[in-house]
Amino acid sequence: MNIHLHSYNFNYILYLRDNKIIRRFHNMTRQECINNLTDIFLQLKESKDYSKAKERLIGEIKVDRLSNYLLHKYEKLDEEEVEVLHLLLDTVDLIYNNSSEEEIMTDEVYDKLFNLYLNNNGEYSVGASTLESDTATHNYPDLRGTIKKVHFICNDDKENNENRKSLEDYENSWKRTLDSISYNKIKYIMSIKWDGLSGNIECDKFGSVLHVYPRGLVSANETIDKVYKFYDYSLNGHKINGYDILGIPRKSFDKPFCIKVEFLCSEDSLKILNDEYSCGFKNRRSAVSGILNSDNTNPELINYLTIMPLRYQLFNDKDINMVYISEYPYPVVNISNRNKILSNIKKLKECAEESGFSADGVVLTIDDKSIQDKLGRDDDKGINKYEVAYKFPPEVGTSRIIDVDFTMGTMGIITPVAKIEPIILKGNTIKSINLGSIDRYRGLNICRNDEVKIKYDVIPYLYKDNTCESGWEKIEVPVTCKFCGETLLENPTLMCVNTECPSRQKGKILNYINKMNILNISEAIVDELFNERILLTIPDLYTLDRYRNKILCLDGWGPNRFKLIWESINSKRDVYDYELLGSLGIQSVGRTMFKRIITKVSLKKILNCLEVGKKNKLYDKIIEVDGIQNKTANKVVNGLFNMKETLYRLMVFLNVKVYEQMDIKGYICFTNIRDKDLEETMNSQGYEISNSVSKKTSMLVIPDEFKGGSSKLDKAKNLNIPIYEISEVRKMFNK
Ligand SMILES: [Zn+2]
């Protein structure tokens, strides 16, 4: 028998079972979760089957719920949780860096998890998990990677059980390698740590930009062109030149060079992007990642970003040079002068705030070349040991409760969300705060008009202390579901257990958007439109234009944002029959399975059976398909019957093509570049895309004027497989 003891967050439940305490992540014990993640990670490294790994992350690990739990724990993560988080980031990194699989989680969630990890562990080596054999040659490896972070100056500043590091810890880690005289002479150069997206800009000796790489390693399969399209565009009408970024005369160097930069967005630009372009960016950082990472950026928007140069390195030169920008101070302070360090942190913080750009700390770099060389670099972690970043402590502000919303998740789980009087912390306007579980909500004892404290670090955190004035009107937890009226169950998470509840449709809608590769519609948008009762079922996507005026009245919406979404939906109206069926969200029956089914049982036959209600007849046909057993056949039949109405309605809006299995004409492999459109064309002409080169490979596609190396390229040369540049291949396939 299970006795429910206590819970402090949904997904995280303490059970007393057989006198043993088992700590759980949703359906899994923590150890199971760690084991499964490890298994996924290792299997992935071996098989390089990225779509399988993605499927397992979503299906087995329930990555959205796990992320949600980790982000809303509100207490320090314990060791096991940190391990889970690390494994999760590693696996997602591996998938993102090596495949074109997307949308395991939104960039925003990834960034939050990443920051959460840094805050709990102090450092993370970005991209360290990238498969080495697939790594493209990186001409300036010393400029990649990240920086070690500390959250305190002295160990005395820490509270109990704090495992985040201090500047003192950092210094102790290398102090002994130096004698006391040289240690006492050490000075730090202090500089602002900007908070945008970092990247490396590689230039030739004339300053022309060759490549722009993201902060981590670049893997062979990554579409470099897609990463940051900065260099394709000009900044305010001028083609970007590396010397201009550094602010030095052209032809200053006689060899190629690379600049480590931070891409930033100012407060003023954010306002323009949101007011005039209706981008709906939450903060300056999300504006930068939104513009740089999106597939269809409006090139105009790039003019609203700023490139902040940080370091540069000449080709084949060991030295990394710091870039000094005249607008900002770079104080030099002796290592032992803690007061001076603190006063400079304050000064740099004020300076950053005045600049309008977002900054999250101060970088301290040891100002002595010989000591820098001595401490060196940890290549595995991508960290220069002679520098460290002090992170600003979270900001705290005061606000008032307007109301509490009880929002419905995709699985019927209800989460309390506090609506507060808007408050700006770290450049984010905060209007609503996720309170985590119902238990925590009750513990907070919230009334309308209560004064509350808001702390903003990775995510906003709401609490009350004894200085807070109290409101008067208590906000009760709902007892019935607002979508279906069913009595809610609390065990210990509050949820609507009615599987027919319309709220469950939200998960199906998200799944459909994901499978159909419809861009620009985030979970937050689906949430919003669902709660507004505009988007309640999948086919409603295709009638959004009827609600255009209503949508434009919502907070943060403008004509451009609506247009972008509407165009994304319309661009995916041509589908194959199996793609449509595999996107309906029938449990554990995806596109691959339907591809197999559809070659034996046509969509027409399926619709016929649905029409006349003959479940048995459909079952008999499907069980005949190779590799389909009783259990799956039942799932397919029941799933199709449940989704009958949805399917009929979708057929009206979509142009459904009949998939005919073709003989495979050949296998094509890409290295150092991918092109989804081209791959689709190849597929439609009977070519399969393979991830590795073998004797069966018909051609290897490389980037134009590719000078780097790759294991696939070597193998193709050995096997005498034709190698083509991508622009030639595009011509061959009339793209
Ligand atoms: Zn319900």
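Remember, predicted model here, so these are calculated numbers, not experimental data.

Structural notes on the packing of helix H22 (residues 615-623) against helix H23 (residues 630-642)
In a packed pair of helices, the relevant descriptors are the angle between the two axes and the axis-to-axis distance.
In step 1: Taken N-terminus to C-terminus, the directions of H22 and H23 make an angle of 135 degrees; their axes are 9 Å apart at the nearest point. The angle between H22 and H23 falls in the class oblique. In this structure, the crossing between H22 and H23 has a hand that is right-handed. Facing H22, whose interface residues are Lys-615, Leu-618, Tyr-619, Ile-622 and Ile-623, H23 presents Asn-630, Ala-633, Asn-634, Val-636, Val-637, Asn-638, Leu-640 and Phe-641.
In step 2: Partitioned by chemical class, the residues of the contact of H22 with H23 number nine nonpolar, three polar and one charged.

Some details on the coordination of the zinc ion
Ideal donor angles around a metal are set by the shape: a four-donor tetrahedron calls for 109.5 degrees, a six-donor octahedron for 90 or 180 degrees.
In step 1: For the zinc ion, every protein donor is listed as Cys-481 (SG), Cys-484 (SG), Cys-496 (SG) and Cys-501 (SG), and the spread of their distances is 2.2 to 2.4 Å.
In step 2: If you look at the zinc ion, its four donor atoms make angles of 100 to 115 degrees with each other, and the shape they trace is tetrahedral.
In step 3: All donors of the zinc ion come from a single chain, and their spacing in sequence reads C-x2-C-x11-C-x4-C. Remark: Cys-501 occurs in the loop between strand E26 (494-495) and helix H15 (505-515) and Cys-481 occurs in the loop between strand E24 (473-474) and strand E25 (489-490); sequence separation between them is 20 residues. Summarising the burial analysis for this pair, Cys-481 and Cys-501 share the class buried.

Here we look at the nonpolar core
In step 1: Core analysis: the biggest nonpolar cluster contains 83 residues, and Ile-420, Leu-462, Tyr-512 and Leu-640 have the highest contact counts within it.
In step 2: Setting aside chain neighbours within four positions, we find Tyr-512 in contact with Ile-518, Ile-538, Leu-541, Tyr-542, Leu-580, Ser-583, Leu-650 and Leu-654.
In step 3: Residues Ile-189, Val-323, Cys-351 and Leu-375 belong to the second largest nonpolar core, which totals 73 residues.

Regarding the packing of helix H21 (residues 603-612) against helix H24 (residues 644-653)
In step 1: Two numbers describe how H21 lies on H24: the axes approach to 11 Å, and their chain directions differ by 130 degrees. With respect to their mutual orientation, H21 and H24 come out oblique. As H21 packs across H24, the resulting crossing turns out to be left-handed. Residues Leu-603, Leu-607, Leu-610 and Glu-611 of H21 touch H24, and the partners they reach there are Lys-644, Leu-647, Tyr-648 and Met-651.
In step 2: Split by residue class, the contact of H21 with H24 holds six nonpolar, no polar and two charged.

Re the sheet that holds strand E31 (residues 697-702)
In step 1: Taken together, the four strands give an open sheet; going across it, the order is E30-E29-E31-E32, and neighbouring strands pair in parallel fashion. Of all strands in the sheet, those with a lone pairing partner are strand E30 (687-690) and strand E32 (723-725), marking the two edges. With direction set aside, neighbouring strand axes in the sheet form an average angle of 30 degrees.
In step 2: Sheet analysis places strand E29 (residues 666-670) next to E30, joined by four bridges and oriented parallel. Counted as the bridge partner of Tyr-667 is Glu-688 from E30.
In step 3: In the packing of helix H25 (residues 676-684) onto the sheet, contacts are made with E29 and E30, and the angle to E30 comes to roughly 135 degrees.
In step 4: Along the sheet, helix H26 (residues 711-718) contacts E29, E31 and E32; its crossing angle with E31, the most-contacted strand, is approximately 140 degrees.

Overview of the packing of aromatic side chains
Here the distance between the centres and the angle between the planes together describe a pair of aromatic rings.
In step 1: Applying the stated criterion across every chain, the model contains 19 aromatic pairs.
In step 2: Centroid distance Trp-194 to Phe-357: 6.0 Å. Interplanar angle 90 degrees. Geometry classified as edge-to-face. Residue Trp-194 is found in strand E6 (residues 187-194), and its partner Phe-357 is found in the loop between helix H12 (338-355) and strand E15 (359-366); the two are separated by 163 residues along the sequence. Summarising the burial analysis for this pair, Trp-194 and Phe-357 share the class buried.
In step 3: Between Tyr-243 and Phe-257 the ring centres are 4.9 Å apart and the planes differ by 45 degrees, which places this aromatic pair in the tilted class. Linking Tyr-243 in helix H9 (residues 242-246) with Phe-257 in strand E11 (residues 257-265), this pair joins segments that are 14 residues apart in sequence. For the pair shown, Tyr-243 and Phe-257 are each scored as buried.
In step 4: An aromatic cluster is present here, built from Tyr-243, Phe-253, Phe-257 and Tyr-312 joined pairwise through their rings.
In step 5: We note Arg-561 situated over the ring of Trp-557; from NZ or CZ to the ring centre the distance is 4.3 Å.

Observations concerning the confidence of the model for the protein
In step 1: Per-residue pLDDT for the protein has a mean of 80; in total, 87% of the residues score no lower than 70.
In step 2: Note that residues 124-137 has pLDDT below 50 and, in this model, 53 contacts with residues that lie over four places away or in other chains.

A closer look at the environment of Cys-481
In step 1: Assessed through its relative accessible area of 4%, Cys-481 is described here as buried.
In step 2: Between the C-alpha atoms of Cys-481 and Ser-503, which are 22 residues apart in sequence, the distance is 9.3 Å.

Some details on the sheet that holds strand E23 (residues 460-463)
In step 1: The antiparallel open sheet is built from five strands, whose spatial order is E20-E19-E18-E22-E23. Edge positions in the sheet fall to strand E20 (428-434) and E23, since each has one partner strand and no second. Recorded for the sheet is a direction-independent mean angle of 40 degrees between the axes of neighbouring strands.
In step 2: Of the pairings in the sheet, the one linking strand E22 (residues 451-456) to E23 comprises four bridges and is antiparallel in character. The residue of E23 that forms the bridge with Lys-455 is Tyr-461.

Definitions and cut-offs
- Residues numbered from 1 in each chain as written.
- Predicted model: local features only at pLDDT ≥ 70, side-chain atom pairs only at ≥ 80, totals over all residues.
- Heavy atoms only, no water.
- Axes fitted to C-alpha atoms, helices over the stretch in contact; angles between N-to-C directions.
- Helix = DSSP H or I, 4+ residues; strand = E, 2+ residues; numbered from the N terminus.
- Parallel < 35°, antiparallel > 145°, perpendicular 65-115°, else oblique.
- Left-handed = near helix turned anticlockwise from the far one by under 90°.
- Contact = heavy atoms within 4.5 Å.
- Nonpolar A, V, L, I, M, F, W, Y, C, P; charged D, E, K, R; others polar.
- Donors = N, O, S within 2.8 Å, 3.2 Å for Na, K, Ca; no water.
- Tetrahedral: all angles 85-135°; square planar, octahedral: opposite > 155°, others 65-115°.
- Buried < 20%, exposed > 50% of the residue type's maximum accessible area, 1.4 Å probe, protein only.
- Core = buried A, V, L, I, M, F, W, Y, C linked by side-chain atoms within 4.5 Å.
- Pairing = 2+ DSSP bridges.
- Phe/Tyr/Trp six-rings, centres within 6.5 Å; stacked < 30°, edge-to-face > 60°.
- Lys NZ or Arg CZ within 6 Å of the ring centre and 35° of its normal.
- pLDDT = per-residue confidence, 0-100.

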